[in-house]
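# Results of the structural survey
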Amino acid sequence: MNFELKTVSLAQSSRLAVDALLVIVPDAWAGEKSADDPLSLLLRQVTEHGDLEEGTGKYLMCYRPVGFKAARLLLARAGKGSPAEVRKAVTTAMGQLRQPGLRKLGVVLCALDDVAASLFPAMAAVADASYVYTTTKPSAKAASVREVMVAVPAADAVRARFEHASAAVHGVEVAREWANRPANHATPTMLADAAKALARKAGFHCQVLGEKEVEKLGMGAFLAVAQGSAQPLKFVVLHHQGGRKADAPIVLVGKGITFDTGGISIKPAAEMDEMKFDMGGAASVLGTFAALSRLKLPLNVIGLIPACENMPDGRAVKPGDVVTSLSGQTIEVLNTDAEGRLILCDALTYAERFKPRAIIDIATLTGACVIALGAVRSGLFSSDDALAAALQEAGDAALDPCWRMPMDEEYAEGLKSNFADMGNVAGRAAGSVTAAKFLEKFTAKMTWAHLDIAGTAWRGGTNKGATGRPVPLLLQYLATQSAQGADAPARKKSPGRR
Ligand code: BES
Ligand code: MN
Ligand code: ZN
């Protein structure tokens, strides 16, 4: 999607040469009193006659309106004009703008009080509505909208926010695309190649480790998950070097299970196809890097992607097997379907070498998180209050929200094992929390947070497909961190663990 930011007054917007013009109109707003341009006249009339009801999602479609260059004009209400209302208004409007000949769209944000805050929700909603997955379905009708002109009263005043928004939208598209690809079109090798291609194009550094190197490092937990698959594992390391050399990086770790059958603890058949999305965390790291390099954010970020399949096989890891993780801690693999934590724990330990100022893992980790929070908020787990607050705020600001879950030590009780330093599961109760407690055992030396995106990374049902979450949250967090500067005081661990 190609976005262009343009300075246009409300009165001038009728002269925009686009195929369709979408004007976002807050409730209780009827244009400037004495203005006599076509849009103001029209707004006054429709308001007078009650043809444009108040309430987000209400709209009026006009065809060949007098005085307008655009053949179609859509007036869409956006309540009080909050970011969430703007997103809903644009989403509803896009549902009405599906004409095949519609290539150029104008979105007029001039009537909104907070234009800067409206850019991302409006642009994300346009991109969302026009994304079509075609990689393995070439017959799918590609979106007709190619160019979007975003009309604001003063472009220069909101240029930075616009750049952030278009980078975020791009990152979401990259994440959706890779998460959507079926497992035979997104093997660990293909994912690693995609990372390399992206790195070359976007200009960041990418390193790919194979089985031999991973074995030499001693990532016994990661190897155990991968050993049942015919597809070789890959460990991808991305470097965005936007800060000074000595600046401590932020590390993002994305779960990259390209297909999760459950292994020997095999999953039931129903909806198992959706386990192709089990690399949604990895896809979000790729998307975030795509966005990061567009924005050239002045900070150092490392991306880590352990990628493999989880398959049942004669060589597969068995329930009861004990493996030695990179940290040296041993793990009894009680359930081979709890594989995400096994590949993540070794990636977390690997990250220690970068001495990160913060490390965040992103994973479609537990069905229990879907039960707890559904598809609205991702699960946020951290013992560090400052990092948790920063991520929660970033999520709220980016309309990509998360919710902090508890981390009391008592939740780790069930992970005890008679045969290893820990088991990899702890029963059904509080499954998303016990998974986080498992990961925490590998993060003692770092300021760490974990995002469980099992409920938010994709939609099921008739609109099945990846969402690109939590790219907006991550990019917002990184942008805030870079604005605060690398000289910001180092975070202290909170004394009391939650
Ligand atoms: N990838 C799944 C988690 C998942 C399941 C995400 C369903 C979205 C929808 C993960 O690897 C898994 O299988 N977790 C198990 C853990 C259990 C064995 C402790 C789960 O949630 O059932
Ligand atoms: Mn699993
Ligand atoms: Zn999984």
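Residues numbered from 1 in each chain as written. Chains lettered and ligands numbered in written order. Predicted model: local features only at pLDDT ≥ 70, side-chain atom pairs only at ≥ 80, totals over all residues. Heavy atoms only, no water.

### A look at helix H13 (residues 471-484)
In an α-helix, one full turn covers 3.6 residues, which means residues spaced three or four apart are oriented alike. Operational definition: Every helix listed is a DSSP run of H or I at least four residues long, and every strand listed is a run of E at least two residues long, numbered separately from the N terminus. In this scheme, a helix's expected span is set at 1.5 Å multiplied by one less than its residue total. For every residue, the accessible area (1.4 Å probe, protein chains only) is compared with the maximum for its type, and the residue is labelled buried under 20%, exposed over 50%, or partly exposed between those bounds.
An ideal rise of 1.5 Å per residue puts 20 Å on 14 residues; H13 measures up with 20 Å between its terminal C-alpha atoms. In terms of residue burial, H13 counts as a mostly covered element, since ten of its 14 residues are buried. Looking only at H13, the buried set comprises Val 471, Pro 472, Leu 473, Leu 474, Leu 475, Tyr 477, Leu 478, Ala 479, Gln 481 and Ser 482.

### With respect to the domain arrangement of the protein
Stated precisely, the cut-off is as follows: Source of the domain bounds: an automatic or database domain assignment. Only heavy atoms matter for contacts: two residues are in contact if any of them lie within 4.5 Å across the pair. When two parts are brought into contact, each loses some accessible area as probed by a 1.4 Å sphere; the total of that loss over both is the buried area. When a carboxyl oxygen of Asp or Glu lies within 4 Å of a side-chain nitrogen of Lys or Arg, that pair is called a salt bridge.
Entries for the protein in the domain assignment read domain 1 (2-154) and domain 2 (169-484). Distance from the C-alpha centre of domain 1 to the C-alpha centre of domain 2: 37 Å. Taken together, the 14 residues of domain 1 in the interface contact twelve residues of domain 2. In this assembly, domain 1 packs against domain 2 so that about 1100 Å² is buried in total across both faces, 63% of it on carbon and sulfur atoms. At the junction of domain 1 and domain 2, the tally comes to one salt bridge.

### So, the site of ligand 1
For clarity, the cut-off: Any residue with a heavy atom positioned within 4 Å of a molecule or strand is treated as near that molecule or strand. Any pair of N or O atoms that falls within 3.5 Å is considered a polar contact. Within protein, one atom must be able to donate a hydrogen and the other to accept it, and sequence-neighbouring residues count only if both atoms are side-chain atoms. Accessible areas in this description were obtained via Shrake-Rupley with a 1.4 Å probe; residue shielding takes into account the shown protein chains only. Lys, Arg, Asp and Glu make up the charged group, whereas Ala, Val, Leu, Ile, Met, Phe, Trp, Tyr, Cys and Pro make up the nonpolar group; the residues left over, Gly among them, are polar.
Neighbouring ligand 1 are 16 residues; Asp 260, Lys 267, Asp 337, Glu 339 and Gly 367 lie closest to it. At a separation of 2.8 Å, an oxygen atom of ligand 1 approaches a polar side-chain atom of Asp 337. Interatomic distance of 3.4 Å between a backbone N/O atom of Leu 365 and a nitrogen atom of ligand 1. Burial of ligand 1 by the surrounding chains reaches 77%, relative to a free accessible area of 510 Å². Looking at the shell around ligand 1, its residues break down into five nonpolar, four polar and seven charged.

### Concerning the environment of Pro 312
Topologically, Pro 312 is positioned in the loop between strand E11 (300-310) and strand E12 (322-324). Residue Pro 312 is classed as partly exposed on the basis of its relative accessible area of 33%. With 181 residues separating them along the chain, Pro 312 and Tyr 131 place their C-alpha atoms 35 Å apart. Ignoring sequence-local partners within four residues, the contact set of Pro 312 consists of Gly 228, Thr 261, Gly 263, Ile 264 and Ile 266.

### Concerning the coordination of the manganese ion (ligand 2)
To keep it simple, the criterion reads: Coordination here is defined by N, O and S atoms within 2.8 Å of the metal (3.2 Å for Na, K and Ca), and since water is not considered, a site can look incomplete. Between 85 and 135 degrees for all angles marks four donors as tetrahedral; over 155 degrees for opposite donors together with 65 to 115 for all other angles marks four donors as square planar and six as octahedral; every other arrangement is irregular.
At 2.1 to 2.2 Å from the manganese ion (ligand 2) lie its protein donor atoms, namely Asp 260 (OD), Asp 337 (O), Asp 337 (OD) and Glu 339 (OE). Between the six donor atoms coordinating the manganese ion (ligand 2), the angles at the centre fall across 70 to 168°, so the site counts as irregular. Mapping the donors of the manganese ion (ligand 2) onto the primary sequence yields the spacing D-x76-D-x1-E. Between the two metals, the manganese ion (ligand 2) and the zinc ion (ligand 3), the spacing is 3.2 Å, and Asp 260 donates to both. Taken together, the residues span a long stretch of sequence, with Asp 260 in strand E10 (residues 256-260) and Asp 337 in the loop between strand E13 (330-332) and helix H9 (340-351) at a distance of 77 residues.

### Overview of the sheet that holds strand E6 (residues 147-152)
Which entries qualify depends on this criterion: Any two strands between which DSSP finds at least two bridges are classified as paired. As a rule, the C-alpha atoms of each element are fitted with a line to give its axis, helices using only the stretch in contact, and angles between N-to-C directions run from 0 to 180 degrees.
Taken together, the six strands give an open sheet; going across it, the order is E1-E6-E5-E2-E4-E3, and neighbouring strands pair in mixed fashion. Single-partner strands in this sheet number two, and they are strand E1 (2-7) and strand E3 (59-63). Neighbour to neighbour, the strand axes of the sheet diverge by 20° on average, direction disregarded. Set on the sheet, helix H1 (residues 38-48) makes contact with strand E2 (20-25), E3 and strand E4 (72-77); between it and E4 the angle comes to about 55°. This element, helix H3 (residues 115-130), spans E1, strand E5 (104-108) and E6 of the sheet and lies at about 160° to E6.

### Focus on the pairing of strand E9 (residues 250-254)
Burial analysis of E9 places five of its five residues in the buried class, which makes it a mostly covered element. Side chains Ile 250, Leu 252 and Gly 254 project from E9 onto one buried face, and the interleaved Val 251 and Val 253 project onto a second face that is buried too. Pairing between E9 and strand E14 (residues 358-363): five bridges, direction parallel. From the neighbouring strand, Val 251 faces E14, where its bridge partner is Ile 359. In this sheet, E11 lies alongside E9 in parallel orientation, the contact comprising four bridges.

### Regarding the nonpolar core
Where we set the bar: Remark: nonpolar core denotes a set of buried residues (Ala, Val, Leu, Ile, Met, Phe, Trp, Tyr, Cys) joined through side-chain atoms within 4.5 Å.
Of all hydrophobic cores here, the largest spans 58 residues; its most connected members are Leu 238, Leu 252, Ile 360, Leu 451, Tyr 477 and Leu 478. Among the elements that line this core, the one with the most residues is helix H8 (residues 280-295), at seven residues. With residues up to four places along the chain from it excluded, the contact list for Leu 252 reads Val 285, Thr 288, Phe 289, Val 301, Ile 302, Gly 303, Leu 304, Ile 360, Ile 362, Leu 474 and Leu 478. Residues Ile 331, Leu 348, Tyr 350 and Leu 415 belong to the second largest nonpolar core, which totals 48 residues.

### Regarding the pattern of salt bridges
Scanning the entire structure with this criterion turns up 20 salt bridges. With a closest N to O distance of 2.9 Å, Arg 176 and Asp 128 form a salt bridge. Of this pair, Arg 176 sits in helix H4 (residues 159-180) while Asp 128 is found in helix H3, placing the two residues 48 residues apart along the sequence. Note on Arg 176: relative accessible area 8%, which makes it buried. The closest approach of N and O atoms between Glu 409 and Lys 437, which form a salt bridge, is 3.1 Å. With a gap of 28 residues between them, Glu 409 in the loop between strand E16 (402-404) and strand E17 (422-423) and Lys 437 in helix H12 (residues 431-440) connect regions that are remote in the sequence. One network of salt bridges, with partners in common, ties together Lys 255, Asp 278 and Glu 339.

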